[in-house]
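# A structural walkthrough
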Amino acid sequence: MIAIEDATLIFNAGTPNENRVFEAFNLTVGKGEFITVIGSNGAGKSTLFNLLSGTVMPDSGRIVLNGRDVTKEPEFKRAKTIGRIFQDPLAGTASNMTLEDNMMVCFKKGFKGLRIGLNRKRREFFKEQLKFLDMGLEDRLKDNVGLLSGGQRQALTLLMMVLSRPELVLLDEHTAALDPRNAEIVLRLTTHFVKEYGLTTLMVTHNMQHAIDLGNRLLMMDSGEVVLDIRGEEKQHLTVEKLVAMFSKVRNKQFTNDEALLSR
Ligand SMILES: Nc1ncnc2c1ncn2[C@@H]1O[C@H](COP(=O)(O)OP(=O)(O)OP(=O)(O)O)[C@@H](O)[C@H]1O
Ligand SMILES: [Mg+2]
C-alpha cells in the first residue's frame, strides 16, 4: 500500500546540530494492516509519519504509494489519500466553523472533487454518524466546534477522517491528551472504524498494553530504526514484559520512554 524505500533523512545537515534521523530506512505497509507503533522519545515515530504524509522529504530514497512514486509530491496532494490525527484535539477541526460545515469539508474530500452540497438528507446522515459516537453531539450540528470538549472534538476529528475515506490513516498519540475515560472512548471508536472500513492504519501510542492489544502488527522503534516488527500469532502472545525483554535483547539496553513507563 505504502512503502519507504532506503530513505535517509538528515536534519540540519552540515551544521553542528546535524541529526541523522533515518539511514537506509525501509518499511512496507500492506493494505488493511493495522500497525501499532511504540518507541522511546525521539525514536522517529512522528518523523516517520512526516515522511509518509509528505511533511518532510527524505534526502535520499523513495516513498511509494500504491505503486506510485510520491517522494516529491507535496503534503497537500498526499492529504487526499492520507488521514492524519495528532495528539492535540484542537488540531483536526476548525473552531470557528459549525459541526456540519466541518463534516461537510471532509465528506466532500471523500467524494474526490465531485460537487455535492449540504442538504436535509446529508444532515440526517451526519446526525446518525454523530449519534454513533455517543458523545451527545447529534443535536449540535449548528454549534461551532470551538464549544466542544477535547474528547468530543477528538471523536469528531476521527469521524471526519473516516468520512473523507482515506486510504491510509496515521494516528500520532491521538488519545494521549485526553482524560482516561475519553481516551478509552476514542480508542474504542478507532478500533471500530478501522475494522468497519478496513482502514490501513498506523497508530503511535505510548501505552504498551494498547500497542499489544490492538492491531495486527507492532513496530518498536529506537534511534530511527525499526528494532522489532511483530505480527500474527507472535503478536497475540505478547506481554509488556516480553516486549521489554525483547527490546533489551536486540538493543542491549533498557527500554525507556517516560510516558510508557507511567502507563504500564
Ligand atoms: N523539523 C525538525 N528539525 C530538526 N530535528 C527534528 C525535526 N523533526 C524531528 N527532529 C528530530 O528527529 C528525531 C525524531 O523525532 P520524532 O519527533 O520523530 O520522535 P518521536 O519518536 O515522535 O518522539 P516522541 O515519543 O517524543 O513523540 C528527534 O531527534 C527530533 O529532535
Ligand atoms: Mg512523536
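For the structure, see preceding data.
Presented here is a report on the structure given in the accompanying data block. Not measured: the values here are computed from a predicted model.

### Looking at the pairing of strand β10 (residues 225-231)
Taken together, the six bridges between strand β9 (residues 217-222) and β10 define a ladder with antiparallel strand orientation. Bridge pairing links Arg 217 to Arg 231 in β10. Connecting β9 to the next strand, β10, in antiparallel fashion are two residues, including Ser 223 with a positive phi near 45 degrees.

### Focus on the side chain of Asp 222
Tracing the chain through its elements places Asp 222 in strand β9. For Asp 222, a relative accessible area of 3% translates into the label buried. Polar contacts involving the side chain of Asp 222 include one to the side chain of Lys 253, which spans 2.9 Å. Residues within four places of Asp 222 in sequence aside, it is in contact with Ser 40, Ala 43, Val 227, Phe 247, Arg 251 and Lys 253.

### Some thoughts on the site of ligand 1
Not every one of the 13 residues close to ligand 1 is listed here, only the nearest: Gly 42, Gly 44, Lys 45, Ser 46 and Thr 47. Take Thr 47: an N or O atom from its side chain is 2.5 Å from an oxygen atom of ligand 1. Taking 640 Å² as the accessible area of ligand 1 by itself, protein coverage stands at 62%. Sorting the residues of the shell around ligand 1 by element identifies β2 (19-29) and α1 (45-53) as the ones contributing at least two each. No other element matches α1, which puts three residues into the shell around ligand 1. Grouping the amino acids of the shell around ligand 1 by side-chain chemistry returns three nonpolar, eight polar and two charged.

Rules used throughout
Residues numbered from 1 in each chain as written. Chains lettered and ligands numbered in written order. Predicted model: local features only at pLDDT ≥ 70, side-chain atom pairs only at ≥ 80, totals over all residues. Heavy atoms only, no water. Pairing = 2+ DSSP bridges. Helix = DSSP H or I, 4+ residues; strand = E, 2+ residues; numbered from the N terminus. Buried < 20%, exposed > 50% of the residue type's maximum accessible area, 1.4 Å probe, protein only. Polar contact = N/O pair within 3.5 Å; in protein donor to acceptor, adjacent residues only side chain to side chain. Contact = heavy atoms within 4.5 Å. Near = heavy atom within 4 Å. Areas by Shrake-Rupley, 256 points an atom, 1.4 Å probe, with all protein chains shown as cover. Nonpolar A, V, L, I, M, F, W, Y, C, P; charged D, E, K, R; others polar.

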